[in-house]
Amino acid sequence: MRIEDSGIVMPLRPDVTTVGRGKGVDVRLDDPSVSRLHAEIVRRGPYVYVVDMGLSRNGTRVNGRPIARRVLEDGDVVSFGTARCRMGGIPREEVDPDVELRRAVAPELTRREVDVLTSLCRPALSDEAFVAPATARDIAGELVVTEAAVKQHLLRLYQKFRIPEGANRRTRLANEVIAMGLVRPLPPVHVPQGRPPMDGRVSGVRGSGESRRTGAGHGHAGGPGRAASTAGRRAS
């Protein structure tokens, strides 16, 4: 692993390599955006994957996308906060890094929980770097519900996704949902000239046993495990 600011190359340990700003980690990054114990890089046979510890408000990204855990490939750029490192020497394997290490079964979600997750993750799916997930107030404003109701939904979602108590719980939930592929940006919808754009949403959530489309569209029912998507404009 090459630290881009200094050019220093750090070898990975045979099992787990800890990364952070603290004195006891294996790879120490002297950057205020990095937490004391920020992430772990794990080796399992020929595979190498990174796990965000959920202790930093800035999170971990691979090639610019926020992650909770992800299999790494040779040449990937891993950002711990704003500190960038490039991975090298990883053998090539036929593995999709987007699906590797996801949980086999997503929890059952109600329609309102799907709405909350979509709104929560919308900022993290934008093209801007290091964007925090939406606050409970932001979600309440978008869904036109009370902030107290949103907080109750978030508490249930923390339990369903097994997000432990602690700092940056919303960020850890958003990272887990994105890493599982439950929320993703959709391509923009072409709007003919002269017609006002629909109030669509930018991301879809794959719910269990239900499908939806936010905005001025019509949804359709789906079976368990089928994707529920929204058609709309991608947020800027």
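Now for a look at the structure at hand.

Conventions and cut-offs
Residues numbered from 1 in each chain as written. Predicted model: local features only at pLDDT ≥ 70, side-chain atom pairs only at ≥ 80, totals over all residues. Heavy atoms only, no water. Pairing = 2+ DSSP bridges. Helix = DSSP H or I, 4+ residues; strand = E, 2+ residues; numbered from the N terminus. Salt bridge = Lys/Arg side-chain N within 4 Å of Asp/Glu carboxyl O. Buried < 20%, exposed > 50% of the residue type's maximum accessible area, 1.4 Å probe, protein only. Axes fitted to C-alpha atoms, helices over the stretch in contact; angles between N-to-C directions. Parallel < 35°, antiparallel > 145°, perpendicular 65-115°, else oblique. Contact = heavy atoms within 4.5 Å. Nonpolar A, V, L, I, M, F, W, Y, C, P; charged D, E, K, R; others polar. Expected span 1.5 Å × (residues − 1). Arc of directions from axis to C-beta. Core = buried A, V, L, I, M, F, W, Y, C linked by side-chain atoms within 4.5 Å. Polar contact = N/O pair within 3.5 Å; in protein donor to acceptor, adjacent residues only side chain to side chain.

Moving on, we get to the sheet that holds strand β3 (residues 27-28). The sheet built from 5 strands is open, its strands ordered β3-β2-β4-β5-β8 with mixed pairing. Of all the strands in the sheet, just β3 and β8 (69-71) have a single pairing partner and so form its edges. Pairing of strand β2 (residues 16-20) with strand β4 (residues 39-44) involves 4 bridges; the strand directions are antiparallel. Looking across to β4, one finds that Thr 18 is bridged to Glu 40.

Our focus in this paragraph is the pattern of salt bridges. Within this structure, the stated rule accounts for 9 salt bridges. For Glu 147, the salt bridge is made with Lys 151, and the minimal N-O distance between the two is 3.7 Å. You can see Glu 147 and its partner Lys 151 sitting in helix α3 (residues 147-160), 4 residues apart, about one turn around the helix. Residue Glu 147 is classed as partly exposed on the basis of its relative accessible area, which comes to 30%. Residue Lys 151 is classed as partly exposed on the basis of its relative accessible area of 45%.

Taking every second residue as pointing to the same face, both faces of strand β9 (residues 77-80) are buried, with Val 77 and Ser 79 on one and Val 78 and Phe 80 on the other. Judged from the 4 bridges that link them, β9 and strand β10 (residues 83-86) form a sheet pairing that is antiparallel. Looking across to β10, one finds that Val 77 is bridged to Arg 86. The turn joining β9 and β10, which pair antiparallel and follow one another in sequence, is formed by 2 residues; a positive phi near 65 degrees is taken by Gly 81.

Of note, Asn 63 is a non-glycine position whose phi angle comes to about 55 degrees, a positive value. Backbone geometry at Arg 162 places phi at a positive 60 degrees, although glycine is not the residue there. Residue placement: Arg 162 occurs in the loop between α3 and α4 (169-179).

Contact geometry of helix α1 (residues 111-121) with α3 gives a least axis separation of 10 Å together with a crossing angle of 90 degrees. Judged by the inter-axis angle, α1 sits roughly perpendicular to α3. For the pair formed by α1 and α3, the contact residues are Arg 112, Glu 113, Val 116 and Leu 117 on the first element and His 153, Leu 154, Arg 156, Leu 157 and Lys 160 on the second. When the residues that make up the contact of α1 with α3 are grouped by side-chain class, the tally is 4 nonpolar, 1 polar and 4 charged.

On to α1, then. In terms of residue burial, α1 counts as a mostly covered element, since 9 of its 11 residues are buried. Among all positions of α1, only Glu 113, Val 114, Asp 115, Val 116, Leu 117, Thr 118, Ser 119, Leu 120 and Cys 121 are buried.

So, about α3. In this model α3 runs 20 Å from its N-terminal to its C-terminal C-alpha over 14 residues, within 8% of the 20 Å that 1.5 Å per residue would give. Within α3 the residues assigned to the buried category are Val 150, His 153, Leu 154, Leu 157 and Tyr 158. The buried residues of α3 all sit within an arc of 145 degrees when viewed along its axis, so they share a single face. In α3, the exposed positions that point more than 90 degrees away from the buried face belong to Ala 148 and Gln 159. Just downstream of α3 lies Arg 162, where phi reads positive at about 60 degrees.

This paragraph deals with the nonpolar core. Counting residues in hydrophobic clusters, the biggest one holds 24 residues, and the most contacted among them are Leu 117, Leu 154, Leu 157, Phe 161, Leu 173 and Val 177. Looking at this core, the elements with two or more residues in it are α1, α2 (136-143), α3 and α4. The greatest single-element share of this core, amounting to 5 residues, is contributed by α1. Setting aside residues no more than four positions away along its own chain, Val 177 makes contact with Leu 117, Cys 121, Phe 161, Leu 182 and Val 183.

For Thr 17, the location among the structural elements is in strand β2. Of the residues examined, Thr 17 reaches a relative accessible area of 1% and is grouped as buried. There is a polar contact of 2.8 Å between the side chain of Thr 17 and the backbone nitrogen of Arg 13. With residues up to four places along the chain from it excluded, the contact list for Thr 17 reads Leu 12, Asp 26, Val 27, Ala 39, Glu 40 and Ile 41.

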